Amino acid sequence: MKPSSAIAPPPAVLLLSALLAFPQLTAAFYLPGMAPTSYKPNVTVPLFVNSIKPVAAVDSRLHSVLSYDYYDPRFQFCQPEGGPQYVPESLGSILFGDRIMTSPFAPKMARNESCIKLCSAQYDTEAAHFVNTRIAKGFALHWLVDGLPAGQDLFDPLTGTDFYSPGFALGQISADDPEGPTFFNNHYDIVIEYHKVRGHQNQLRVVGAVVQPSSKAYPSGDGELDCLDEGMPPITLSEDVDQKTHVTFTYSVYWRESHTAWATRWDKYLHVFDPKIHWFSLINSAVVVVFLTVTVASVLFRALRKDIARYNRLDQINLDDLSGADGLEDGVQEDSGWKLVHGDVFRTPSHSLLLSVLLGNGAQLFAMTGLTICFALLGFLSPSNRGSLGTIVVFLYTLLSFIGGYVSARTYKSMNGEKWKLNIASTPLLVPGIVFSTFFILNLFLWANGAAGAVPFTTMIVIIAIWFVISVPLSVAGSWLGFRAKALEPPVRTNQIPRQIPPSTTYLKPLPSMLLVGILPFGAIFVELYFIMSSIWFSKIYYMFGFLFLCYGLMIITCAAVTVLMVYFLLCAENYHWQWRAFLAAGMSAGYIFANALIYLISKLSLGGLSGTVLYIGYSALLSFLFFILTGSIGFFSSWWFVKKIYGSIKID
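Residues numbered from 1 in each chain as written. Predicted model: local features only at pLDDT ≥ 70, side-chain atom pairs only at ≥ 80, totals over all residues. Heavy atoms only, no water.

## Digging into the sheet that holds strand β2 (residues 53-54)
(1) Moving on: The three strands lie next to each other as β2-β4-β8, forming an open sheet whose pairing is antiparallel. Pairing within the sheet leaves two strands with one partner each, and these edge strands are β2 and β8 (168-169).
(2) Moving on: Direction of pairing for β2 relative to strand β4 (residues 139-141): antiparallel, over a ladder of two bridges. Opposite K53, over in β4, you have A140 as the bridge partner. (Pairing = 2+ DSSP bridges. Helix = DSSP H or I, 4+ residues; strand = E, 2+ residues; numbered from the N terminus.)

Here it is, written out as structure tokens:
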């Protein structure tokens, strides 16, 4: 008896199911990026300290963007014997502000210890004011236990799940009385979860770390400390003149066996806040993209097929023997005017050198962004490998300089550019020079404020060396091949005398058209952009690369479709200056991103000082500038393909 064959689902259903399941698959798939470390009982587990960073304060707003070294003299934290030592970090980790150092904490695997005294310190008026101000601004300590961030165990009422939030408070302040006293946390209950390796009872692995800080006003002296006394009052650093506050630091370690496997120990840290918002945004963007694509297809294909058929039929008719031919030709010209500019549509735009340089860098950013998201989907950018995102971005941008040089040179040659030497030199220097100069100026503000996020001078030298030793030669090689390649010939000849452009309607003028075109790509990534900004400024872990991949694809489709539609209407209005218009209109979505950053500054942040505001606006402007080049290039190349297609489909005498 033959087995019954199941009915195969349609390909469209399979594709939709795969796309819907993709974010969950990518969240579950995990390449750790490091080998597991097993410890025997009573062996010291390394506990490193990272920079002290600001998080949300009592009012749920961010009050600073500056971070500080853990061993900043003003905090007076206890140091290990022989002084703290820096832990080697990757380039991306340094760029993102990590400053990992050794600590005096020495937890022993699977051995509970309580009330261990570290050291004592005296806080004068200046130090007390500094620490109390940082407590009021919501600063948090960041530790690493076997590579895992030590955090707080929180509960999300929306999803009904527990999760670990990296970092814990420097101090406490009453939520009911924000103007009341601040309490300095000087005792830490460290709860570490461990997992036994199957078949090896003496091989234990760390799978979780939680710190419960508290404030305790220990009595001065060398007596025994009782950190378990719940009636002990909290300690407040006095800011009175000529008065010092004595503080004793202690900690306790509690080990808890867990069934969590080492490979899944990051699952509690990779928490998705309000996943319904992600799905709603994705579905909303998908509906907009489908509607926009169908609209573009129906408008363009119907109109173009009708226009091309009419034009080609008209060319086969002997107009001299046809009565009323003038009326027919006028009718054709009146119905659609894009054929009338066939002799000017491929005319070299103004400032073609600058445009080609921006397009080359845009192609480079496009490839870098796509590959980075793909690496993230495959799990290579695991948070256990700190700084991997920044490292891979620098690595890919450097290697893809070859593509930037090639695209810039090929585009410039197709625009009949003659200053080829200037093009070769400008492609790897102009945009990266603007980015590096802005980054260096903002870094000066960090240096001036003594912030831990300031990139060291030696790292700056390394970045410059990578730029000029690797990136520039690759770009020059790409430009050399681009200029040697055959130019992309236009399908129609260009007239010697430019055609006069008639006045355009209001919505086709530069500024209104830019505002209309730019808002749609921004709408495709708006919600995901909010979560990305929250992860950057509030020190949260972002790991929803499945949603980001889909949003990036929707943004590309939206950007290309709406720009092509604008260029079609522009050509129908007999305006052949489409090159810069397409680039600027698509790039206008970066203007909306910058405006959104300013709104975020007003609604979610309360930086107060000049340095913090300048740093936030400066970094936001830098990211918006790169996004402007990226989306502008997408709009230009999609419009270039469209224009070549339609003018290659008609017969020109």
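## Section: the state of the cysteines
(1) Moving on: The tally for this structure, following the rule as stated, stands at two disulfides.
(2) Moving on: The side chain of C115 participates in a disulfide bridge whose partner is C227; the two sulfur atoms lie 1.9 Å from each other. Sign of the S-S torsion, about -90° for the bond between C115 and C227, identifies this disulfide as left-handed. On the criterion of sequence distance, the pair formed by C115 in strand β3 (residues 113-123) and C227 in the loop between β12 (200-214) and β13 (245-257) is long-range, its members being 112 residues apart. (Disulfide = S-S within 2.5 Å.)

## A few points about the pairing of β12
(1) Moving on: Bridge count for strand β11 (residues 187-197) against β12 is eleven bridges, and the pairing is antiparallel. The residue bridging D189 from the neighbouring strand is Q212, located in β12.
(2) Moving on: Where β11 hands over to β12, the hairpin turn is made up of two residues, of which G199 adopts a positive phi near 85°.

## Thoughts on the packing of aromatic side chains
(1) Moving on: Tallying each qualifying case throughout the model produces 41 aromatic pairs.
(2) Moving on: Their ring planes at 70° and their centres at 6.0 Å tell us that Y530 and Y600 sit as a pair that is edge-to-face. Placement of the pair is Y530 in helix α12 (residues 510-537) and Y600 in helix α15 (residues 589-604), with a sequence separation of 70 residues.
(3) Moving on: Note on Y530: relative accessible area 34%, which makes it partly exposed.
(4) Moving on: By relative accessible area, which is 5% here, Y600 ends up buried.
(5) Moving on: By way of ring pairs, the aromatic residues Y68, Y70, Y71, F75, F77, Y123, F130, F139, F184 and F249 are connected into one cluster.
(6) Moving on: Above the ring of F130, the side-chain terminus of R74 is found at 4.1 Å from the ring centroid. (Phe/Tyr/Trp six-rings, centres within 6.5 Å; stacked < 30°, edge-to-face > 60°. Buried < 20%, exposed > 50% of the residue type's maximum accessible area, 1.4 Å probe, protein only. Lys NZ or Arg CZ within 6 Å of the ring centre and 35° of its normal.)

## Some words on the side chain of S534
(1) Moving on: Relative to the helices and strands, S534 resides in helix α12.
(2) Moving on: On the basis of relative accessible area, S534 is assigned to the buried category, the value being 10%.
(3) Moving on: Among all residues touching S534, those that are not within four sequence positions of it are S539, K540 and Y600. (Contact = heavy atoms within 4.5 Å.)

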